[in-house]
Amino acid sequence: MPTITSFESFNLNKQLLSAVADFNFHVPTEIQQKAIPIILAGQDVIGIAQTGTGKTAAYLLPLIMKIKFAQGDLPRAVILAPTKELTLQISEHAMELAKYTHLRILPLYGGIGPKTQIEMLRQGIDIIISTPGRFTELYQKGELFTKQIKMLVLDEADRMMDMGFMGQLRKILEVLPIKRQNLLFSATFS
């Protein structure tokens, strides 16, 4: 596979390239070079790369590119992460990369009451970044609708399994459309 030397090589839209430039990203990392073209082509991906190698951008850039613009009220992509801290970190990253788009991105996590998150969901969301527990809770309350979800990302999937989320993940997979793109990323998967 030839080395990709610029983000322009991925044929990302102008809004994403502007956000990438703001981040001072110049040359894609190895995980980005390998994952972005495959994700853009619509294939399922398992990406394993150490922390600090640009793993989050490796799935966020193609995800944002594929979702493109705000549309309807129901989420079209969901990213699941094991902790509130990681959920907020991914959300911050996603909002920065999507800042030149009109995409609506919402982090969902426990430790606070769900009222504000429910109000945001009702206003319309394109991308949800959530812990499995809060996702399940809001789905069971009838506040989270999954029929438009086209992309699922499990970030730190192995940590979610180690932390006992396997049952919740199975239930989440059951309520998502079967026809979707699946991305699994981890720093420590063996």
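That block above? That's the structure.
What you see is a predicted model; the values in this text were computed from it and never measured.

Chemist: Report on the pairing of strand β4 (residues 127-130), specifying residues and quantitative values.
Modeler: Residue alternation in β4 divides its side chains into two sets, I127 and I129 and I128 and S130, and both sets are buried. Of the pairings in the sheet, the one linking strand β2 (residues 77-80) to β4 comprises four bridges and is parallel in character. Paired with A77 across the two strands is I127, which belongs to β4. Looking at chain direction, strand β3 (residues 105-108) and β4 are connected through four bridges and run parallel. Within the sheet, the bridge partner assigned to P107 lies in β4 and is I129. Between the parallel elements β3 and β4, the chain passes through helix α5 (residues 115-123) in a crossover that is right-handed.

Chemist: Give a description of the packing of helix α3 (residues 55-67) against helix α4 (residues 84-97) that names residues and reports values.
Modeler: If you want to describe how two helices pack, look at the angle between their axes and the distance between the axes. With their axes 10 Å apart at the nearest point, α3 and α4 run at an angle of 45° to one another. By the angle between their axes, α3 is oblique relative to α4. Relative to α4, α3 is oriented so that their crossing is right-handed. Contact residues: T56, A57, Y59, L60, L61 and I64 in α3; I90, H93, A94 and L97 in α4. Class assignment of the residues belonging to the contact of α3 with α4 gives a composition of eight nonpolar, two polar and no charged.

Chemist: So what's going on with unusual backbone geometry? Which residues, and what values?
Modeler: Although it is not a glycine, N24 adopts a positive phi angle of roughly 65°. Located in the positive-phi region is K68, a residue other than glycine, with phi close to 65°. Here K68 shows up in the loop between α3 and β2.

Chemist: Please set out α5 residue by residue, giving values where relevant.
Modeler: Listed in full, the buried residues belonging to α5 are Q117, I118 and L121. Along the axis of α5, the buried residues cluster in a sector spanning 100°; they form a single face. Of the exposed residues in α5, those oriented more than 90 degrees away from the buried face are K115, T116, R122 and Q123. Structurally, α5 contributes buried residues whose contacts are with β3, β4 and α6 (132-140).

Chemist: Any chance you could break down the pairing of strand β6 (residues 181-186) for me, citing the residues and the numbers?
Modeler: For a regular strand, side chains alternate in direction, first toward one face of the sheet and then toward the other. Here β6 lies mainly inside the structure; five of its six residues are buried. With four bridges joining them, strand β1 (residues 45-48) and β6 adopt parallel strand pairing. When the sheet's bridge partners are listed, I48 is paired in β6 with S186. Judged from the five bridges that link them, strand β5 (residues 151-155) and β6 form a sheet pairing that is parallel. Considered in β6, the bridge of L152 is made with N182.

Chemist: So what's going on with the environment of D155? Residues and values would help.
Modeler: As for its position among the elements, D155 is in strand β5. Here the alpha-carbon distance between D155 and R170, two residues 15 residues apart in the chain, equals 15 Å. Apart from the residues lying within four places of it in its own chain, the contact partners of D155 are K55, T56, Y59, L80, A81, P82, L86, I90, M160 and F185. At a separation of 2.5 Å, a polar atom in the side chain of D155 contacts the side chain of Y59.

Chemist: Please provide a residue-by-residue account of the pattern of salt bridges, values included.
Modeler: Under the criterion given, the structure shown has ten salt bridges. Residue K34 is joined to E30 by a salt bridge in which the shortest nitrogen-to-oxygen separation is 2.8 Å. Taken together, the residues span about one helical turn, with K34 and E30 both in helix α2 (residues 30-40) at a distance of four residues. With relative accessibility at 43%, the residue K34 sits in the partly exposed group. Close ionic contact of R104 with D126 constitutes a salt bridge, the shortest N to O distance being 2.9 Å. Here R104 is found in the loop between α4 and β3, whereas its partner D126 is found in the loop between α5 and β4, with 22 residues between them in sequence. The exposure class assigned to R104 is partly exposed, which follows from its relative accessible area of 22%. The class of D126 is buried, set by a relative accessible area of 0%. Three or more residues are tied together by salt bridges with common partners; here these are D22, E96 and K99.

Parameters and conventions
- Residues numbered from 1 in each chain as written.
- Predicted model: local features only at pLDDT ≥ 70, side-chain atom pairs only at ≥ 80, totals over all residues.
- Heavy atoms only, no water.
- Buried < 20%, exposed > 50% of the residue type's maximum accessible area, 1.4 Å probe, protein only.
- Helix = DSSP H or I, 4+ residues; strand = E, 2+ residues; numbered from the N terminus.
- Pairing = 2+ DSSP bridges.
- Right-handed = clockwise from strand over helix to strand, strands pointing away.
- Axes fitted to C-alpha atoms, helices over the stretch in contact; angles between N-to-C directions.
- Parallel < 35°, antiparallel > 145°, perpendicular 65-115°, else oblique.
- Left-handed = near helix turned anticlockwise from the far one by under 90°.
- Contact = heavy atoms within 4.5 Å.
- Nonpolar A, V, L, I, M, F, W, Y, C, P; charged D, E, K, R; others polar.
- Arc of directions from axis to C-beta.
- Polar contact = N/O pair within 3.5 Å; in protein donor to acceptor, adjacent residues only side chain to side chain.
- Salt bridge = Lys/Arg side-chain N within 4 Å of Asp/Glu carboxyl O.

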